[in-house]
Every structure is written in C-alpha cells, then in structure tokens.
Amino acid sequence: LVRHNIHTIDDLVSVNENLLDNRKVVNTNKSKVYKARAKYNDLFAIYEEMKDIEVCERCYEGGDMSFAEEHIRWTELEDGLKEQGYSYSEVERIKEYYKNEIAKIREIETNNRRELRIAKELIKDNMVKDEDVRAENVVQDKEEYNREKEKESKLDYQRGTIIR
C-alpha cells in the first residue's frame, strides 16, 4: 500500500487498474523475448549437443584417444556453428542472456500477480464491509420504522382509533 501511495479505496482501484495494464505490457514483452529466443533454437540445439560431449572433447585434447568419435562430432558441430557465424562461447552467452531476460520477466510477473491478488482481496473486503454496513442500515431502518409504527399504533389506540 505504501509503495503505491494508497490511502483510499479509489487509490486502490486505480492501482489495481494500473497493475492490470502492467500485466498486459509484461505479457507483450514476454512474448517478444520468447520470439527472439526462438530464432536461436537451432543454435541452442547444437550448443546442447556440444555441451553433452564437452568433457569428452577436453579429454581428447588432453591426449585420451578413446574419445576420437566425440571429437569428430564436436568438430562437425563446431563447424556448423561457424557456418552460421557463431562460436560455442557466443551461443553460450546468447543462451545465458535469454535465460536472464526470462527470469527477470518471471519475477515481474510474480510480483504483479501478488500485488493484483492483494489489491483484489482488499477491494473485495471493502465491498463486503460496505455491504455489511448497508445491510445494518437497512435493518436499523426497518427497526426504526417498526418502532415508529408501534408508537403511532399506541397513540392511535390511546385516542380510540385502531388502524389495521
């Protein structure tokens, strides 16, 4: 409440609307990030395969000839990346970049959902309180009306007239 400078129910409703608008903006940004990341899916597939055999490649480079098949595959994959204009480390940085961007968006989404949930609950609680107050007023009005009618009936009875 303090962070959004909320002091009245109108402020709360306004913040709730802003949060709903903010959710739309976040969803748009999320979509843009996922679409941009999708362009690299082929590179990421090659990267993942290379990552799986990276230890074998390091052993081969260290002189262990039992990993010759993995070395050949590594070289093929590395050449595939080079043909597309990337290196293993560049694809790794791109993958990390999108991982961080998606994490940021998820954090924003989580905070937004939490604040929306709180705002909705506060609005709902306030509406229930307003309904309770209205119901109390209706009951009080009925009781007051009945007391007035009863007084009138007593006065009419005392005067000798009976009203039905």
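### Observations concerning the packing of aromatic side chains
Okay, step 1: Going through the model one piece at a time under the given rule, you end up with 6 aromatic pairs.
Okay, step 2: Ring geometry for Y40 versus Y86: centroids 6.2 Å apart, planes at 80°, classification edge-to-face. On the criterion of sequence distance, the pair formed by Y40 in the loop between α1 (9-38) and α2 (41-61) and Y86 in the loop between α3 (68-83) and α4 (88-159) is long-range, its members being 46 residues apart.
Okay, step 3: On the accessibility criterion, Y86 (24% relative accessible area) is partly exposed.
Okay, step 4: Taken together through their ring pairs, the aromatic side chains of Y40, F44, Y86, Y97 and Y98 make up a single cluster.
Okay, step 5: When the ring centre of F44 is taken as origin, the NZ or CZ atom of K95, which lies over that ring, is 4.9 Å away.

### Observations concerning the side chain of E109
Okay, step 1: Structurally, E109 is set in helix α4.
Okay, step 2: Residue classification places E109 among the buried residues on the basis of a relative accessible area of 12%.

### Concerning the environment of Y98
Okay, step 1: Among the structural elements, Y98 can be located in helix α4.
Okay, step 2: The contacts of Y98, once residues within four sequence positions are left out, are V33, A36, R37, Y40 and F44.

### Brief notes about the pattern of salt bridges
Okay, step 1: Counted according to the given criterion, the structure contains 7 salt bridges.
Okay, step 2: Across the pair E109 and K30 runs a salt bridge, and its minimum N-O distance is 3.2 Å. Placement of the pair is E109 in helix α4 and K30 in helix α1, with a sequence separation of 79 residues.
Okay, step 3: Between R73 and E49 there is a salt bridge; the shortest N-O distance is 2.6 Å. On the criterion of sequence distance, the pair formed by R73 in helix α3 and E49 in helix α2 is long-range, its members being 24 residues apart.
Okay, step 4: Overlapping salt bridges, with partners in common, bring together E49, R73 and E76 in one network.

Reading the values: the criteria
Residues numbered from 1 in each chain as written. Predicted model: local features only at pLDDT ≥ 70, side-chain atom pairs only at ≥ 80, totals over all residues. Heavy atoms only, no water. Phe/Tyr/Trp six-rings, centres within 6.5 Å; stacked < 30°, edge-to-face > 60°. Helix = DSSP H or I, 4+ residues; strand = E, 2+ residues; numbered from the N terminus. Buried < 20%, exposed > 50% of the residue type's maximum accessible area, 1.4 Å probe, protein only. Lys NZ or Arg CZ within 6 Å of the ring centre and 35° of its normal. Contact = heavy atoms within 4.5 Å. Salt bridge = Lys/Arg side-chain N within 4 Å of Asp/Glu carboxyl O.

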